[in-house]
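What follows is the residue order along each chain.
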Amino acid sequence: MEEFYGIDLGTTNSCIAIIDEEDSVTVVTNEEGQLTTPSVVAYDEDGSPYVGTAAKSNMANDPERTVSFIKREMSNDNYKRRIGNIDINPIDVSAEILKKLVRDANQKRQDEEGKDPIHKVVITVPAYFGNAERTRTMEAGKRAGLEVISLINEPTAAALSFGIKNRQNRTILVYDLGGGTFDVSIMKIQNGVMDTLATNGNHQLGGVDWDEQIVDYVLQKENFNTTCKELKEHDMANYGSLIIGAEEAKKILSTPSREKTTLRYNYKGIHNTEITRSEFEELTIELMKMTDQLIDTTMEMAGNPKLDDVLLVGGSSRMPMVKAFIEKKFGITPRIFEPDLAVAKGAALYAAQEEKGYTEVGIQLGNDKGSASYGVAAYVNGKEMVCNLILMSDNLCVEKTFDEFSTLNDGQTSVRVALYENRVNKSLCEVPMSILLQDGDVTWGYPVPKGTPLKYVVNRGKDGIIKVHCEIEGKTADFVINTKGVSLNR
Ligand SMILES: Nc1ncnc2c1ncn2[C@@H]1O[C@H](COP(=O)(O)OP(=O)(O)OP(=O)(O)O)[C@@H](O)[C@H]1O
Ligand SMILES: [Mg+2]
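The structure displayed is predicted, hence computed values, not measured ones.

**Comments concerning the sheet that holds strand E13 (residues 182-190)**
Inference 1: A sheet is described by the order of its strands in space; here six strands give the open sequence E18-E17-E12-E13-E14-E19, paired in mixed fashion. The open sheet terminates on both sides in strands that have one partner only, identified here as strand E18 (335-336) and strand E19 (364-365).
Inference 2: Sheet topology note: the strand E12 (residues 170-177)/E13 ladder contains eight bridges and is antiparallel. Across the sheet, Ile172 pairs through a bridge with Met187, a residue of E13.
Inference 3: Relative to the sheet, helix H4 (residues 154-165) contacts E12, E13, strand E14 (193-202), strand E17 (309-313), E18 and E19, its axis offset from that of E13 by approximately 40°.

Set out below in structure tokens:
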């Protein structure tokens, strides 16, 4: 029987899980014997990449040849970095991380059980990822020599993994605070099927932002007359060593028995700076508030359901302030559920479900959704706007017809259809706030008066595929957007 693999391609750590012949889900350890692999890539003098703990240790010594937090750059069209004579780009760096995970897992499984190499996988992405990042993640999988069956949203994967063990009907909020991204999703499990009611997030908010607050605190307390941001831009070596120290301090302050710690670091000489848990919590209050606001908008989008459970995933959810915040906000003691492994395990479960329609594994994934709105450009009161046809908060699997559109000028013989993605949960959005996904013309070839009607029929399927059909003067054009990745086809 076939085996199924799920990969959590994280900002700071990545992980690969498998469902074996006995339907059991396990995480495969890497060559170093670790369950998770640091998502850090370093390049030797001869340009050969190496990944994981060795690369992470290189961060402070040789930051010029080390790449970390690449996931935060997946949407950055202008990312530019050169190491030696290699041009670095987020897709190739991500592919190196995937290759290391798969190579190690293959090695282990061949050595132990003589298994075939891994080929088909599901990769996880933050729910907040837009189409560009999803497409690039799929491409990274391809460049690593993998067939990516599908992408799945990280909170959804975690909830799927959790749901397997807790099959009762329930509404769950998943709070996923990782190293570089924050996602919140509200999921409903009913009669063995799990639907996403709403999801939202910020892919520039994660554990490293907490670490950077500690670095700023230290620099200020010791009167160094610089900031973490300045070091990051102009002095990567010192940024690297301070951030590693700050992360350690954060982890110590997250241990219930430790109220304070001393950061020992080498910046213009050896120094020791003390920081207490309450100082740390005070410093990062604004970051917690950012997660709070995202929860509020997501709850509103989901219709403010009564929650039965709050699930904490992601390494940063181990900070006691997160648990305390959830308890205060919802009066629910949250469950910390395999914060490092649940996402990869959920992805493996989803792979089994997608490929085999597996029911043995428990909960089925019903409607999942991303956190974007999709619309077309049109002139509204003389100004070009994006008119959203599908809102972030819309339910899936509905077909809607929009017939309020018409031609703008007398004598038009064609119209341009431009499809956009944005994060605005309203029917109208400014064009610069949107990203163009696809465009094309519908041509009928003879002039028509202005105001000639134009119709859009829109449908979003369970599979994450959005279809937009445009009709005017008996001519039609069809567009397909796959919100789970894959290329964008007309
Ligand atoms: N015990 C701990 N206390 C506090 N923070 C921790 C602890 N252990 C790990 N972290 C933090 O968790 C973060 C890594 O979490 P995780 O591995 O879930 O992220 P990721 O999956 O790589 O990132 P993302 O989901 O954002 O792409 C780091 O910022 C790390 O410092
Ligand atoms: Mg993660």
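**Points about the site of ligand 1**
Inference 1: Of all residues adjacent to ligand 1, which total 20 residues, the nearest are Thr11, Thr12, Lys71, Glu247 and Lys250.
Inference 2: At 2.5 Å, a side-chain N or O of Thr11 approaches an oxygen atom of ligand 1.
Inference 3: A distance of 3.4 Å separates a nitrogen atom of ligand 1 from a polar atom in the side chain of Arg318.
Inference 4: Look at ligand 1: alone it shows 650 Å² of surface, and the protein chains cover 91% of it.
Inference 5: The biggest single contributor to the shell around ligand 1 is helix H7 (residues 236-253), with three residues.
Inference 6: Classifying every residue of the shell around ligand 1 gives one nonpolar, 13 polar and six charged.

**Describing the packing of helix H2 (residues 90-113) against helix H3 (residues 131-143)**
Inference 1: Between H2 and H3, the shortest axis-to-axis distance is 8 Å and the interhelical angle comes to 55°. Regarding the angle of H2 to H3, the classification is oblique. You can see that H2 and H3 cross each other, and the crossing is right-handed. When H2 is examined against H3, the residues Ile91, Asp92, Ser94, Ala95, Leu98 and Lys99 are found in contact with a partner set consisting of Arg136, Glu139, Ala140, Gly141 and Arg143.

About the criteria used
- Residues numbered from 1 in each chain as written.
- Chains lettered and ligands numbered in written order.
- Predicted model: local features only at pLDDT ≥ 70, side-chain atom pairs only at ≥ 80, totals over all residues.
- Heavy atoms only, no water.
- Pairing = 2+ DSSP bridges.
- Helix = DSSP H or I, 4+ residues; strand = E, 2+ residues; numbered from the N terminus.
- Contact = heavy atoms within 4.5 Å.
- Axes fitted to C-alpha atoms, helices over the stretch in contact; angles between N-to-C directions.
- Near = heavy atom within 4 Å.
- Polar contact = N/O pair within 3.5 Å; in protein donor to acceptor, adjacent residues only side chain to side chain.
- Areas by Shrake-Rupley, 256 points an atom, 1.4 Å probe, with all protein chains shown as cover.
- Nonpolar A, V, L, I, M, F, W, Y, C, P; charged D, E, K, R; others polar.
- Parallel < 35°, antiparallel > 145°, perpendicular 65-115°, else oblique.
- Left-handed = near helix turned anticlockwise from the far one by under 90°.

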